[in-house]
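What follows is the residue order along each chain.
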Amino acid sequence: MNVSVSAAPVVLTDAAVVGFALWTLLYHLNLVLGLRPSVVFVAWVLTLPVAAYVGWRVGRRRDRRLAGEVGTAGPAPASPVETGRAASLRRYALPIGAGIGAALFAALGSGSLSWWLAVILGSVAVISARVSSRRSTESGDPAPTGTTPAQAYVVMLAALAAAVFSTFIARVSLDDVFYVGKSVWVAERDQIPYRDFLFTEGVLPAGSANPPVPSFEVFIGALARVLHVHAASTTWYIVLPLLAVFAVLALWRLVQRWAPRRPLLVFGVALTYIVLVAGYPDALNTYHLPRLTQGKSVFVHALIPLAWVYLTDFLETRSRRALVLLGLLSVAAVGLTTTAVILLPLLAVAAVSMLVLTRRWRDAALCFAAASTYPLLVGVGARFASGGLDEAVATYIELRPLRTIYELTLWLGILGVIAGIAMWCGPVLLRRGVPRVLVAGAALTVTLLLVPGVAATAGGLTGLTAVLWRIPWIVPVPALVGMLAVLRPPRWGVLNRVLAVVLPAVLVLVFAVYGSPMWTANVVQAEPSWRMPETRKNVAFWITRLDRPPGLVLAPTPVMRALPQVTTRVRVVMARDLYLTDYDMESQFSQDRLLLGRFADGTEAVPVSDVKAAMGRVGVSVVCVWKNNRAVADAAPALGFERFASRKSPGGMYCYRSKEPVTPVSGP
């Protein structure tokens, strides 16, 4: 029993990577074949036993070097370079001092001078760290011996707690209308929506948010269809808890491989950091449990840590299994998010740059090929298929200020200082050997890309400006922050025993005082729920049951965001205003929808004549508004609408329908 539990973190995470990579390969093959998602899903299920058998056979023959060398080797004598307090001070003073200075300037400074100082000092901190790719047992650090049963029980308990807690969070994401709505479309129609599905029935081309590359939402939709469970319920009650377990176990695996000592303590502090520093929109940890059903969230909080784990395993043990898993992870990453097309090759560059400097040419080539080949091939394919890679990964913002980019991953203020120290001092804080080499590459790459003008130039050359704010995602910040809890200066004796207690307590206290926890704004519910207010959900279902004439439904904008997550059989005027960017915000198509949204919200007075003309062009047959929206009630006769339904509070509504048949316009 204990052996099975100890193996669970490795077995479960590796199986998840292999399984989803296999699904993504079948999905991408199906882009040519054009089979129904349910058929692809059945094919995937049938191929899983074959993959499991192959994995079992490979596992029997896998390289035992890690077990043989790491499991039996004790700590080697300390290197002569590190003997003596004066020598240790000379070795660590510059990188740690420069790292602290960089963090202070980046997180607390203002203006271009402080930012330049942060970048310069950060580069000095990484470059001055005398990292070596020699194994830890050759350098004085004890190497990891695998997860013990006691550790495994604690980690599995934390993962299960995260799974349960995730179902009680009801933090609304405006992007859920796309992600969940796409899964609902697949579940209801057994079709992949290659074209627009939010504004039209596939009449318009797909927006930039909907390239055919990711397979994640289609997987959820196919799973829901096979299980005969609503796609939103499948998302929130089945997939989300599994993803929570996956992300927590991935974090543990990285901590267990990189921590110089007491990995369970590092893991606990890292989890606390994720939970307590997660309230700011678009901040790194907000992409954990609050948004984990979005593919990019799984990528940054599960696959990025596992990528570093596989790189570490390969470089330390020459494990071909780790190299294969890294290649499969790259496939799975592309299936989760188009962001992987950019960030995974960047992560590979960060890793191999240090290998090149240490003259490990063959290892550098193998690692880069395994991590980058599939994402780059998909990126090239997207360029030819869609007219440009920028269209496949675009968002709706320009390049953000560099300090904002820092803030969204590393935070500002005291929290930003802590995360900055963790990143820039990582090359001297982690277990010696490969972990230090890899984190040095990641920290240096991010630092150089944050040099003023570099990101802007790269964005201008590649057309990827809008997503470059995610560059720092390649650094596993939560794990590195956790490493600060076991900081032990060499030869400090009694003081180190004090730090062993004080440092973790201080870190957690700072997270609690200065952070914004996941439950900010009272988003935790008394029972598991979809990620939308219960009243809004009930109103959306109520509208679907009405006897409606053919045509589009106009409702308050929050309700119109909810309806595509309930069903695709009810077409709404505007699922989300931001997505109109793809169809020209100044076009009649977009302006009509924006005007009608304001009319239904009752936020401003809108001329009835303009509303009537827009309704005719859009094809509105039903208008449902809150009972306190008197403007719609007063305008209904002039618009040719009559009341035909009423809903009691909570969520009290009046619904009106057109007296004449309507014909919606197909596109702009």
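Going by the structure above, here's the rest.
Residues numbered from 1 in each chain as written. Predicted model: local features only at pLDDT ≥ 70, side-chain atom pairs only at ≥ 80, totals over all residues. Heavy atoms only, no water.

**Focus: the overall build of the protein chain**
To keep things clear, this is the line we draw: A helix here means a DSSP run of H or I that spans at least four residues, while a strand means a run of E at least two residues long, and both kinds are numbered starting from the N terminus. When a residue's accessible area, from a 1.4 Å probe over protein chains only, is under 20% of the maximum for its type it is buried; when over 50% it is exposed; and in between it is partly exposed. By definition, residues are in contact when any of their heavy atoms lie within 4.5 Å. Using a 1.4 Å probe, the Shrake-Rupley method yields the accessible areas, and only the shown protein chains count as cover for residues.
Secondary structure assignment for the protein chain yields 27 helices and 4 strands. By the burial criterion, 58% of the 668 residues in the protein chain qualify as buried. Taking all contacts inside the protein chain whose residues are at least 6 apart in sequence as the whole, residues at least 24 apart take part in 75%. A total accessible area of about 26500 Å² is found for the protein chain, and carbon and sulfur atoms account for 64% of it.

**Regarding the packing of helix α1 (residues 2-33) against helix α9 (residues 231-258)**
Heads up, the condition is: Here an axis means a line fitted to C-alpha atoms, over the contact stretch when the element is a helix, while the angle between two N-to-C directions is reported on a 0 to 180 degree scale. In this scheme, roughly parallel covers angles under 35 degrees and roughly antiparallel covers those over 145, while 65 to 115 is roughly perpendicular and the rest are oblique. Two helices that cross are described as forming a left-handed crossing if the nearer one is turned anticlockwise from the farther one by less than a right angle, and a right-handed crossing if clockwise. Each residue gets one of three labels, nonpolar for Ala, Val, Leu, Ile, Met, Phe, Trp, Tyr, Cys and Pro, charged for Asp, Glu, Lys and Arg, and polar for the others, Gly among them.
Remark: α1 packs on α9, axes separated minimally by 9 Å, with the N-to-C direction vectors making an angle of 120°. The angle between α1 and α9 places the two elements in the oblique class. For α1 against α9, the interelement crossing comes out left-handed. Residues Pro9, Val10, Leu12, Thr13, Asp14, Ala16 and Val17 of α1 form the contact with α9, whose own contacting residues are Phe246, Leu249, Ala250, Trp252 and Arg253. For the contact of α1 with α9, a count of residues per class yields 9 nonpolar, 1 polar and 2 charged.

**Quick notes on the sheet that holds strand β2 (residues 620-626)**
We count it as follows: Whether two strands pair depends on DSSP finding at least two bridges between them.
Ordered in space as β1-β2-β4-β3, the 4 strands form an open sheet in which the pairing is mixed. The sheet terminates laterally at β1 (552-554) and β3 (641-647), the two strands that pair on one side only. Geometrically, the sheet is characterised by an average inter-axis angle of 25° between neighbouring strands, direction not taken into account. Where β2 and strand β4 (residues 653-658) come together, 5 bridges link them in antiparallel fashion. Within β4, the position partnered with Val625 by the bridge is Tyr654.

**Some points on the packing of aromatic side chains**
Here a ring pair, both rings aromatic, is described through the centre-centre distance and the interplanar angle of the planes. Keep this limit in mind: Aromatic pairing here means that ring centres of Phe, Tyr or Trp (its six-membered ring) are within 6.5 Å. Orientation follows from the plane angle: under 30 degrees is stacked, over 60 is edge-to-face, and everything else is tilted.
All told, the structure shown has 24 aromatic pairs when counted by the stated rule. Centre to centre, the rings of Trp44 and Phe219 are 5.2 Å apart; their planes meet at 85°, and the pair counts as edge-to-face. Taken together, the residues Trp44 in helix α2 (residues 37-61) and Phe219 in helix α8 (residues 216-227) connect sequence positions 175 residues apart. For the residue pair Trp44 and Phe219, the accessibility class agrees, reading buried in each case. Centroid distance Trp115 to Tyr406: 6.0 Å. Interplanar angle 85°. Geometry classified as edge-to-face. Separated by 291 residues along the polypeptide, Trp115 in helix α5 (residues 111-128) and Tyr406 in helix α16 (residues 402-410) bring together distant segments of the chain. Since its relative accessible area comes to 6%, Trp115 is described here as buried. An aromatic cluster of at least three residues, connected via ring pairs, comprises Phe20, Trp23, Phe41, Trp44, Phe216 and Phe219.

**With respect to helix α13 (residues 340-357)**
To keep things clear, this is the line we draw: In this analysis, the expected span of each helix is defined as 1.5 Å times one less than the number of residues it contains.
Taking 1.5 Å as the rise per residue, α13 with 18 residues should run 26 Å; its terminal C-alpha atoms sit 25 Å apart, in good agreement. Of all 18 residues that make up α13, 14 are buried, and the element is covered over most of its length. Within two residues after α13, Arg359 carries a phi angle of roughly 65°, on the positive side.

**Describing the packing of helix α11 (residues 295-317) against helix α12 (residues 320-336)**
Working note: a packed helix pair is described by the angle between its axes plus the distance between those axes. Between α11 and α12, whose axes approach to 9 Å, the crossing angle comes to 165°. Classified by the angle their axes make, α11 and α12 are roughly antiparallel. Remark: the crossing between α11 and α12 carries left-handed chirality. Contacts between α11 and α12 involve Gly295, Lys296, Val298, Phe299, Leu303, Leu306, Ala307, Tyr310, Leu311, Asp313 and Phe314 on the former and, on the latter, Ala322, Leu323, Leu325, Leu326, Leu329, Ala332, Ala333 and Leu336.

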